[in-house]
Amino acid sequence: MNPTRKRRLWLVLALVAAAAIATALVALALQRNVAYLYTPSEVLRGEAGAHARFRLGGMVAADSFRRAPGSMEAHFVVDDGDARLPVVYTGILPDLFREKQAVIATGRMRGDTFVAEQVLAKHDETYMPKEVADKMGEAHRKHDVPASAGAPAEMQ
Amino acid sequence: MLPELGQVALLLALLVATLQALLPLAGAQRGIASWMAVARPAAYAQLLLVAAAFAILTHAFVVQDFSVQYVAENSNSLLPWYYRYTAVWGAHEGSLLLWALILALWTAAVARFSRRLPDAVIARVLGVMGLVAIGFLAFLIFTSNPFTRLLPAAAEGRDLNPLLQDPGMIIHPPMLYLGYVGFCVPFAFAIAALLDGGATRQGHDDRQWRDWLRWTRPWTNVAWAFLTCGIALGSWWAYYELGWGGWWFWDPVENASFMPWLAGTALLHSQAVTEKRGSFRGWTLLLAIAAFSLSLLGTFLVRSGVLTSVHAFAADPTRGLFVLVFLGIVIGGSLVLYALRAPDGDKDASFAPASRETLLLVNNLLLVAACAMVLLGTLYPLLADALELGKISVGPPYFALLFLLLMAPLVLLVPFGPLTRWQREQPSKPLAMLVPWAGLALGIGIAAFFLAPQGAWKTAAGLAGAAWVFAGTARFAWSRFAIKGSRFTAEMLGMTLAHVGIAVFLVGALLTEGLSMQRELALSPGQSVALAGREFRFDGVERRIGPNYIADHGTVRVLRDGRAIDTMHPEKRSYASGGQVMTEAAIDPGITRDLYVALGESLGDGAWAVRVHVKPFVRWIWFGAGLMALGGLVTATDRRFRRKEAAP
């Protein structure tokens, strides 16, 4: 092998090694930080079991929100039309959090309750997270969400 | 009547854009001077027409013409007058019109300030910009017409999204778009160069080609500076308006603007190498294509509704298809052209492993890797959804960890770049100049590690990195001043400012992450919470009436050693039109720390959920970004870029 070729070979090997390390790192980081979205009925069927930390999507059930007076602990029920799951969250809820509106909570199951570390609500009057809309076409009608509940919802 | 005129203006602008694209491109290919001469007048005419359409839409907002659907959806008779102007770009249709207006502005500027380029080159550059304009104007007219009438006219408008009723929103989108669209200039230049074949053909005058590239450099710098400002403004807005106290969320829409920034930063540096040394020619062209393609992708991601995000305001997926096809044509077409005409690497000037070229190559590899990482994390949920792998989201730790890993070596290398010579350098020379400063930075880092009350690693890394970059950059400036008779050009000054901006940003970002303290708790009037040596006393909430909202106006007194140092007024606003609730955080800004108080919800009996933050050095984040942007602008003023002949 002449010197030029040898140098090129090393360069190619170094690039392949760097790419392999980078791919491994990226794959690892992705795997650790990916959170799947499930609806209450999927959770109750045990489909979320494999993922300790996941996102729960659905509607905040009517008359389910309560907060002990003077306490930061909030309780509410997430409903997808077929099943209901109690959620507990300690902290300030987003401005657009309301009953009978879409919500996505990130957290884990503890016993029969979903303990949320983060709660996201829809972001304006006409917008509903597409992924929640996709997942719960049924719940939509049951919960009487107006037809204008966002273009993403109309896509189904 | 006026909105119909706006419609006509847009249609005419589309016609003019078609002329501006087809005739000059064909003329340049065949060498017909009269066809090429169409480019400039067409560019000015396009600006006139799009500006007229924009003025008409603005007029409709100012006079509250609720017979125009877009106005009725995004305005309200209670909206204060200044927000009537900014409401124009408050939603999809208007922001696209703003995009088209800014493209027309850039095009006209290129037409005006391109006297020294050969006619064929400028005809091609303006022609390519015309092609982009066709895409956006057609998108506006056929899928997102802002002038659609509402019959019968609405009696009252639905109001502008309250999140956007804010001074920061007045300038954030225009700045961002000035950056996005500005990358169209280096892109158009790259396509023109590939069409011309000057970069590739044997025996072509290489100096002339580099002279054209020198002409594009200030444009790239200015676009990059605007994009930097736009991103920083968006981050600042999220900080005070969303009420969570965060400054960057790795949200898909933030990522969408960050990817062109990373590619653009790589482009700035690689353009400098190509222009000065003639190396990396193919790479520079590819980066120019990438930066603009990512800008288009950003527009697509934000405007198509495929992403769930805090920014996805009532997006519409049916429009996604149009942008996707447009994106496919632009990216696919450019890459095919690149594949056919890419310059031959063997013609590039050679350089030794220890040289400034190598350092800039590493800079480019790291920035592009970071960009690819962000792209993967942003698109992965879409891919997984399309492949039916489940509905997933990628958490911020993925981005934060990998970004840190990729940027740490870059921060280490920044001071070496300016001190290393082109082509070949004795590695011992820049090392000798920098060793004392490396020692100083290390010492500061170790001291910070042991003195920091919390977040020791982040604090130490932030201070050490900042000291290293600052001292290394100052060393470069000193070495220039120390030599008598050596010039300190605008380009060097801009680079110095931007690199110091990195240091300032590092202090802000890492110290805020490491040292921030926050409490979320229930407070009754008279109760207080202690945080970071201060006492925050909650003095209750009263009702106040704003122009188009009712506010719960809170009062929080801040005491230090029993002495009142500040009174803060966080608000919870309920907007009259849609009943939307908005948090207005109260911020006491400071150079070394921000105090941040936001109201949560009423808990009954006068008690409220209250969020209190103390955020050290958070302002330095935006100050650093501002310095970087300033650096970009200063670089663009370098006289060398405006001279025709190359400096030796």
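Residues numbered from 1 in each chain as written. Chains lettered and ligands numbered in written order. Predicted model: local features only at pLDDT ≥ 70, side-chain atom pairs only at ≥ 80, totals over all residues.

Moving on: the overall build of chain B. Across its full length, chain B carries 20 helices and 11 strands. The C-alpha atoms of chain B give a radius of gyration of 26 Å, which matches the 26 Å a tight globule of 648 residues would have. Dimensions of chain B, computed from C-alpha atoms along their principal axes, come out at roughly 85 × 75 × 55 Å. Residue burial in chain B is summarised as follows: out of 648 residues, 54% are buried. (Helix = DSSP H or I, 4+ residues; strand = E, 2+ residues; numbered from the N terminus. Rg over C-alpha atoms; globule rule 2.2 N^0.38 Å. Buried ≥ 20, exposed ≤ 12 C-beta atoms within 10 Å, placed from the backbone.)

This part is about the overall build of chain A. Across its full length, chain A holds five helices and seven strands. Secondary structure of chain A in N-to-C order comes out as α-β-α-β-β-β-β-β-β-α-α-α. Here chain A holds 156 residues, and the buried ones make up 38% of them. Taking the contacts inside chain A whose residues are at least 6 apart along the sequence as the reference set, 50% of them involve residues at least 24 apart. (Contact = placed C-beta atoms within 7 Å.)

Moving on, we get to the domain arrangement of chain B. All names here are of chain B. Considered domain by domain, chain B is made up of domain 1 (1–165), domain 2 (181–329 + 360–411), domain 3 (414–516) and domain 4 (517–617). Computed from C-alpha atoms alone, the centre-to-centre distance between domain 1 and domain 4 is 42 Å. At the interface, eight residues of domain 1 touch eight residues of domain 4. For the side of domain 1 that touches domain 4, the class distribution of residues is five nonpolar, one polar and two charged. (Domains from an automatic or database assignment. Nonpolar A, V, L, I, M, F, W, Y, C, P; charged D, E, K, R; others polar.)

Right, let's talk about the environment of Q31 of chain A for a bit. Secondary-structure assignment places Q31 of chain A in helix α1 (residues 3–33). Residues Q31 of chain A and K100 of chain A lie 69 residues apart in sequence; the distance between their C-alpha atoms is 33 Å.

With 18 residues, helix α15 (residues 396–413) of chain B should cover 26 Å at 1.5 Å per step; its first-to-last C-alpha distance of 26 Å lies within 8% of that length. Approximately 30° is the largest bend angle found in α15 of chain B, and it occurs at M407 of chain B, with the proline P409 of chain B only one to four residues beyond. Three or more residues of α15 of chain B are buried, namely Y398, F399, L402, L406 and V411 of chain B. Packed against the buried residues of α15 of chain B are α1 of chain A together with α14 (356–386), β1 (392–394), α18 (456–482) and α19 (490–515) of chain B. (Expected span 1.5 Å × (residues − 1). Bend = angle between axes of the 7 residues up to and from the residue.)

It is worth spelling out the confidence of the model for chain A at this point. Interpretation of the predicted coordinates at a detailed level should be avoided for regions scoring low in pLDDT. All names here are of chain A. In this model, chain A carries an average pLDDT of 76, and 76% of its residues clear a pLDDT of 70 or more. Looking over chain A, one finds the lowest element-wise mean pLDDT in helix α5 (residues 151–154), namely 31, and the highest in strand β5 (residues 84–90), namely 93. Across residues 138–156 the pLDDT falls below 50, and counting only partners more than four positions away or on other chains, this stretch makes 35 contacts in the model. (pLDDT = per-residue confidence, 0-100.)

The next thing to look at is the sheet that holds strand β2 (residues 517–523) of chain B. Residues and elements named next belong to chain B. Taken in spatial order, the four strands make up an open sheet running β2-β11-β10-β9, and their pairing is antiparallel. Each of the sheet's edge strands pairs with one partner strand only, and the pair in question is β2 and β9 (586–588). Sheet twist, expressed as the average angle between the axes of neighbouring strands with direction ignored, equals 15°. In this structure, β9 lies alongside strand β10 (residues 593–604), joined through three bridges in antiparallel fashion. Residue pairing across strands places D588 opposite L595, the latter belonging to β10. (Pairing = 2+ DSSP bridges. Axes fitted to C-alpha atoms, helices over the stretch in contact; angles between N-to-C directions.)

Residue and element names in this part refer to chain B. Judged by nonpolar contacts, the single largest core of 238 residues is most densely connected at A100, L103 and C184. Counting residues per element, this core draws most heavily on helix α10 (residues 206–241), which supplies 18 residues. Apart from residues no more than four positions distant in its own chain, A100 is found in contact with V50, A133, F136, L137 and L140. (Core = buried A, V, L, I, M, F, W, Y, C linked by C-beta atoms within 7 Å.)

Another point: unusual backbone geometry. A cis amide bond links L151 of chain B to the next residue, P152 of chain B, at an omega of -5°. Residue position: P152 of chain B is located in the loop between α7 (119–143) and α8 (167–182). The phi torsion at D63 of chain A lies on the positive side, around 55°, for a residue other than glycine. Within the secondary structure layout, D63 of chain A lies in the loop between β2 (54–60) and β3 (66–67). Here D63 of chain A falls in the exposed class, since 9 other C-beta atoms lie within 10 Å of it. Unlike most non-glycine residues, D561 of chain B shows phi in positive territory, near 50°. We classify D561 of chain B as exposed; it has 8 C-beta atoms within 10 Å.

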